[in-house]
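Each chain, written out:
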Amino acid sequence: MIDRRLRVLQAIARHGTVTAAAEVCRLTPSAVSHQMQALARELDVPLLEPVGRNVRLTPAAHTLLEHGETLTAAWEQARADLAAHRAGAVGGTLRFAAFSSAAAVVVPRALEHLRTEHPALRVVLRESEPGRSFDLLAADEADVAVIVATPSIPPASDAAFEQHSLFDEPLDILVGPDHPLVGRRGVVALRDLAGDPWICGNVGRAYHQLVTLACTAAGFAPDIAHYADEWDTGAALVARGFGVALVPRLADLPAHHDTRRIPITTDPVPTRRVIAAVRAGSQDQPTIAAGLDALRHVTETGLPALGRS
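Before going into details, it helps to say that this report is about the structure given with it. Positions within a chain are numbered from 1, following the residues in the order the chain's sequence is written. Local features are withheld for residues below a pLDDT of 70 in this predicted model, meaning they are given only at 70 or higher, and side-chain atom pairs are given and counted only at 80 or more; totals for whole chains, interfaces and linings count all residues. As a rule here, side-chain values come from all non-hydrogen atoms in the structure, and water together with hydrogens is ignored.

1. A word on the overall build of the protein chain
Condition: The helix and strand labels rest on DSSP assignments: H or I over at least four residues marks a helix, E over at least two residues marks a strand, and numbering proceeds from the N terminus. Exposure categories follow from relative accessible area, calculated using a 1.4 Å probe and restricted to protein chains: below 20% of the type maximum is buried, above 50% is exposed, and the middle band is partly exposed. In what follows, a contact means two residues having at least one pair of non-hydrogen atoms within 4.5 Å. Surface accessibility in these figures is a Shrake-Rupley result with a 1.4 Å probe; residues are shielded only by whichever protein chains are displayed. Only four residue types enter the charge count: Lys and Arg as positive, Asp and Glu as negative, with His and the chain ends excluded. Every charge is mapped onto a representative atom, which is NZ of Lys, CZ of Arg, CG of Asp or CD of Glu.
Of the regular secondary structure elements, the protein chain holds 10 helices and 11 strands. Taken over the C-alpha atoms alone, the protein chain extends approximately 70 × 55 × 30 Å along its principal axes. For the protein chain, the proportion of its 309 residues judged to be buried stands at 48%. Counting contacts in the protein chain only where the partners sit at least 6 residues apart, residues at least 24 apart contribute 72% of the total. A total of about 15,200 Å² of accessible surface is found on the protein chain, and carbon and sulfur atoms cover 51% of it. In the protein chain, 29 positive and 35 negative side-chain charges are present, and the distance between their average locations comes to 3 Å.

Here it is as structure tokens:
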């Protein structure tokens, strides 16, 4: 019911370029430009103006976006209100997007809970990076996103989304079997690894941001020797003495790599905050409300590893 071109304009505002917006909207740049020109003609106001090889939004475009966010949230709330007139069990399709660890540990347990509580509900899970998950929400290609909170995601004040805190997850040190920290008794601090080479995710990924922010908080900049986005790759490098890493408490590491996971016992203890995000106004829709309830149930009752050291 909401003009798709508004979603395209929102993508341009979020990502800054027509090319990036085209990618997330699964359109060509020329199609995006054509849609924006057509919308501008219909509204009789300019929406984009050239700045070098890029574009920027006009004041009229910003005004339209403000109304667009209000319209989108109202439409999501209308869908929730209309659902109250439907009889029967919670049904339809509920689409989750989640980053890798949550997609492996948290969301499958939530899907099990939903299968028991709402057998008529069809659930779909898509693994995706946090930034991409917000794009999926905005494009109405996902309903609930489980995301690591990093500086690169939309702020909690973004009117297009509602964000719900789920849990804070400690990060542990991961070292090889011959590392000096293995077997140490007493205090273990992150700054004990300031002189080690580090294995980290690629620049721009959530894991890279987590590691660099944690090390900065501990008073040093990590000497990144290798970049790995998959736990299998990172654990293989750590096991063979090529560096150390930080690993989330819930991450399931491959058993065939000989590594040691060591909890940090003194401040600052690095953690990552895991949130659930939905489109503004949608949280009262029965399927989405059921999904959020299932995530809360799992995080409150099914994640004992968060407290284990």
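So, next bit.
2. Things to note about the pattern of salt bridges
This is how it is decided: Salt bridge, as used here, is a side-chain nitrogen of Lys or Arg placed within 4 Å of a carboxyl oxygen of Asp or Glu.
Across all of its chains, the model carries 20 salt bridges by this definition. Ionic pairing is found between Arg205 and Glu129, a salt bridge with its closest N-O pair at 3.8 Å. Taken together, the residues Arg205 in the loop between strand S7 (197–200) and helix H8 (206–217) and Glu129 in the loop between strand S4 (121–127) and helix H7 (130–138) connect sequence positions 76 residues apart. For Arg205, a relative accessible area of 30% puts it in the partly exposed group. Among the salt bridges present, the one from Arg249 reaches Asp172, with a minimum N-O distance of 2.7 Å. Linking Arg249 in the loop between strand S9 (245–248) and strand S10 (260–262) with Asp172 in strand S6 (residues 161–175), this pair joins segments that are 77 residues apart in sequence.

3. So, the environment of Pro286
The residue Pro286 is located in helix H10 (residues 286–301) in this model. Once the C-alpha coordinates of Pro286 and Gly183 are considered, the two residues, 103 residues apart in sequence, prove to be 51 Å apart. When sequence neighbours within four positions are dropped, the list of residues in contact with Pro286 reads Ala83 and Val90.

4. A closer look at the environment of Asp143
Filter applied, for reference: Between N or O atoms, a polar contact is any pair within 3.5 Å; within protein, one atom must be a potential hydrogen donor and the other a potential acceptor, and residues adjacent in sequence are included only when both atoms are from side chains.
Position of Asp143 among the secondary structure elements: in the loop between H7 and strand S5 (144–148). Judged by its relative accessible area of 5%, Asp143 falls in the buried class. Taking C-alpha positions, Asp143 is 8.9 Å from Thr287, a pair spaced 144 residues apart along the chain. Ignoring sequence-local partners within four residues, the contact set of Asp143 consists of Thr93, Leu94, Arg95, Leu137, Ala277, Val278, Arg279 and Ile288. Within the local environment of Asp143, its side chain forms a polar contact with the side chain of Arg95, the two groups lying 2.7 Å apart. At a separation of 3.2 Å, a polar atom in the side chain of Asp143 contacts the side chain of Arg279.

5. So, unusual backbone geometry
The peptide bond linking Asp267 to Pro268 adopts the cis configuration, its omega dihedral lying at 0 degrees. Although it is not a glycine, Asp44 adopts a positive phi angle of roughly 60 degrees. Here Asp44 is to be found in the loop between helix H3 (29–43) and strand S1 (48–51). Of the residues examined, Asp44 reaches a relative accessible area of 67% and is grouped as exposed.

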